[in-house]
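# Chain and residue survey
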Amino acid sequence: DDDIFSSVFCENSEKLIDVHLFALAAKYYSLSSLGVCTPLEDVLEALKENSQGATGIKPDEFMNNKKSHEVQVMSELVDNIANYCGIKQVIDIGSGKGYLSSFLSMQYNLKVYGIDSSNSNTNGAHERNRKLKKHWRAYQSRGTAYLKTQSLEKTNYRPVESEMKCKTINEELLNNAKSLQSRDQVIMQDLIPSRGFTEMGTFETRTETQADLVTQTKSHEGKLSEEVLAILNVLPADAVEVCSSSHCNWRELCEEEKVQRKMTSLKTKATKSSESNLYFPLTSCITAETELSDIITDLEDCVMVGLHTCGDLAANTLRIFAAKPEIKAVCSVGCCYHLLTEQFENQEECCDKVWGFPMCQYLKDKGWCCGRNARMSACLALERVAVGQMLPTESLFYRAVLQVIIEEMYGVTKSDRHVGKTFSKSSSFVDYVRRSLKKLELDDSKLPDSCIMDYYEKYKHRMNELEAFNMLKVVLAPCIEVLILLDRLCYLKEQENIAWSGLVKLFDPVKSPRCYAVIALKEESC
């Protein structure tokens, strides 16, 4: 195979001479072709022996489509891993706004600690929970008032008619649930819609006796519970406050119902006392040397997870997993490969530093280095480009010309500062250059507009060339990602206490380009 692909480049000039063969070679060395991934279905099947399952509530009521897809798939897998290992504690590294953490706690009743280095993210998660709690209280108040009004109506009871109308109500609730799920653009603001399911529709039921009234009250409460299940399952655990029994009209209830209500209230208080605050957002910077017991006082056997852990955080997650006996399993999806630190990139002699790449001993012995350009390429999304979501050629062109300007006009070839997302805020190329120079702390007054536009005109005919070059980078992206992911997998294979480890494709790569998870389970004795 190496002989076949050797003709991709010219032997003397080392220039690319066969683009088609280059693309075939890149595909050949991608994860999908190498056959090293374990299908997600096989992993779930192997884990489900001890799985208890959960209601099929989708998280798209309070997330955008991409995040909903990621959270739904990953949370199911994490729950299966937790059940298989017989544990209830999960540590979410780089938890961000807490979408995965809150869903794991509410949907699967897992005790989750979400750790993020950003205090603003942690505060944002708390604020989001507060808003959800506020909404829930208002909704619960309206629902209770509605039930009270309906249950006090004493009218004639017709069994057949009642059964037919109950069926109609259930259908209405289902339609309301579907309608709520379709309003993603409102939910992205981290608020459940103010209307929710409050419009239940009117219906009439007749009763003649006090016993019939009690039966009807129970039936109505059951239907309300079904109706709010979709909201209940996506709220943080401490967002739900049970309505006090003192709000009900006790004079209208029989003695048996009073006793039942009292027992239910006691059970609810006990459950809330033991299971409230199942999701704990924490702020801490995680490194390979982090002692989790210093952050989590009640650390116990747990699963460590990370959904798009950035740069070195993905590598450090695996190192902590391997080193700490309390962590029985790990499920890590990395991202931001360009932010990885590399041991052999600058040939720095720093024996004590822990690097993001390479991790495995094999690549360390080889002194392997990717370099920033290659790591940047690994972040590109081939599958998205393949379905027509093209690269932002104009912004890439702006950035390329800017680099020429700062090298030739300012003599700067390297900087620790970043331009960031300046393109989207700029009205023109001149505006883009000036904004960028300010971010780089370079004096833009020495550069007249005419000079900036001269650079633009000089290189604009090469925009197509730049686009072709970036398309080649996109084609090569999966090969570089393979190297990084296999390095992590090989690191786990080198550990003696790992029972199983593998790469699993979790997500649709068009929706979520960083779609591969590194998963491992420790031996039972560890």
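The name given to the protein in an unreviewed UniProt entry is MET25 protein, and the organism recorded there is Oxyruncus cristatus.

## Quick look at the packing of aromatic side chains
Applying the stated rule across the entire model yields 10 aromatic pairs. On the basis of an interplanar angle of 70° and a centroid distance of 5.0 Å, the ring pair of Tyr398 and Phe429 is categorised as edge-to-face. One end of the pair, Tyr398, is in helix 17 (residues 393-410); the other, Phe429, is in helix 18 (residues 429-439), and 31 residues separate them in sequence. Residues Tyr398 and Phe429 agree in their burial class; the two are buried. Taking 5.2 Å as the distance between ring centres and 45° as the angle between the ring planes, the aromatic pair formed by Phe429 and Tyr456 counts as tilted. Note that Phe429 is positioned in helix 18 and Tyr456 in helix 19 (residues 449-459), a separation of 27 residues in sequence. As far as burial versus exposure is concerned, Phe429 and Tyr456 are alike and both buried. Ring pairs connect the aromatic residues Phe397, Tyr398, Phe423, Phe429, Tyr432 and Tyr456, which therefore count as one cluster.

## Side note on the packing of helix 17 against helix 18
One can describe the packing of helix 17 onto helix 18 by two numbers: an axis separation of 11 Å at closest approach and a directional angle of 55°. Classed by the angle they form, the pair helix 17 and helix 18 counts as oblique. When you trace helix 17 past helix 18, the crossing you get is right-handed. Along its contact with helix 17, which presents Tyr398, Arg399, Val401, Leu402, Ile405, Ile406 and Tyr410, the element helix 18 presents Phe429, Tyr432, Val433, Ser436 and Leu437. Its residues placed into classes, the contact of helix 17 with helix 18 shows 10 nonpolar, 1 polar and 1 charged.

## Brief notes about the side chain of Ser426
Along the chain, the position of Ser426 falls in the loop between helix 17 and helix 18. Of note is the side chain of Ser426, whose polar atom sits 2.7 Å from the backbone oxygen of Thr422. In contact with Ser426, not counting residues within four places along its chain, are Asp431, Tyr432 and Arg435.

## Considerations on the packing of helix 13 (residues 312-323) against helix 20 (residues 463-494)
Axes are the key here: two packed helices are described by the angle between their axes and the distance separating the axes. Axis separation between helix 13 and helix 20 bottoms out at 11 Å; the angle between their running directions is 10°. With respect to helix 20, the axis of helix 13 lies roughly parallel. Every residue of helix 20 that contacts helix 13 at Ala314, Leu318, Arg319, Phe321 and Ala322 is listed here: Arg488, Tyr491 and Leu492. Of the residues assigned to the contact of helix 13 with helix 20, the class counts are 6 nonpolar, no polar and 2 charged.

## Topic: the sheet that holds strand 2 (residues 111-116)
Judged by pairing direction, the sheet is mixed, and its 7 strands sit side by side in the order 3-2-1-4-5-7-6 without closing on themselves. The sheet is open, and its two edges are formed by strand 3 (279-283) and strand 6 (498-505), each paired on a single side. Adjacent strand axes in the sheet meet at a mean angle of 15°, parallel and antiparallel pairs treated alike. Bridge analysis of strand 4 (residues 302-310) against strand 5 (residues 327-335) gives 8 bridges, and the strand direction is parallel. What sits directly across from Val305, in strand 5, is Cys331.

## Digging into the environment of Leu339
Structurally, Leu339 can be placed in the loop between strand 5 and helix 14 (361-366). Given a relative accessible area of 43%, Leu339 falls into the partly exposed group. Once the C-alpha coordinates of Leu339 and Asp312 are considered, the two residues, 27 residues apart in sequence, prove to be 7.2 Å apart. Leu339 has contacts with Cys310, Gly311, Asp312 and Arg375, leaving out every residue within four places of it along the chain.

## Observations regarding unusual backbone geometry
Phe357 connects to Pro358 through a cis peptide bond whose omega is -5°. Within the fold, Pro358 resides in the loop between strand 5 and helix 14. Positive phi values are uncommon outside glycine, yet Asn109 reaches one of about 55°. Among the structural elements, Asn109 can be located in the loop between helix 6 (99-108) and strand 2.

## A few points about the pattern of salt bridges
Inspection of the entire model under this criterion finds 15 salt bridges. Of the charged contacts, one joins Arg435 and Asp431 as a salt bridge, the two residues approaching to 3.1 Å between their closest N and O atoms. Highlighted residues: Arg435 and Asp431, both in helix 18, separated by 4 residues, approximately one helical turn. Exposure remark for Arg435: the relative accessible area of 38% places this residue in the partly exposed category. With its nearest N and O atoms 3.0 Å apart, the salt bridge here joins Glu457 to Lys460. Using a relative accessible area of 41% as the deciding quantity, one classes Glu457 as partly exposed. Assessed through its relative accessible area of 42%, Lys460 is described here as partly exposed.

Reading guide: rules and limits
- Residues numbered from 1 in each chain as written.
- Predicted model: local features only at pLDDT ≥ 70, side-chain atom pairs only at ≥ 80, totals over all residues.
- Heavy atoms only, no water.
- Phe/Tyr/Trp six-rings, centres within 6.5 Å; stacked < 30°, edge-to-face > 60°.
- Helix = DSSP H or I, 4+ residues; strand = E, 2+ residues; numbered from the N terminus.
- Buried < 20%, exposed > 50% of the residue type's maximum accessible area, 1.4 Å probe, protein only.
- Axes fitted to C-alpha atoms, helices over the stretch in contact; angles between N-to-C directions.
- Parallel < 35°, antiparallel > 145°, perpendicular 65-115°, else oblique.
- Left-handed = near helix turned anticlockwise from the far one by under 90°.
- Contact = heavy atoms within 4.5 Å.
- Nonpolar A, V, L, I, M, F, W, Y, C, P; charged D, E, K, R; others polar.
- Polar contact = N/O pair within 3.5 Å; in protein donor to acceptor, adjacent residues only side chain to side chain.
- Pairing = 2+ DSSP bridges.
- Salt bridge = Lys/Arg side-chain N within 4 Å of Asp/Glu carboxyl O.

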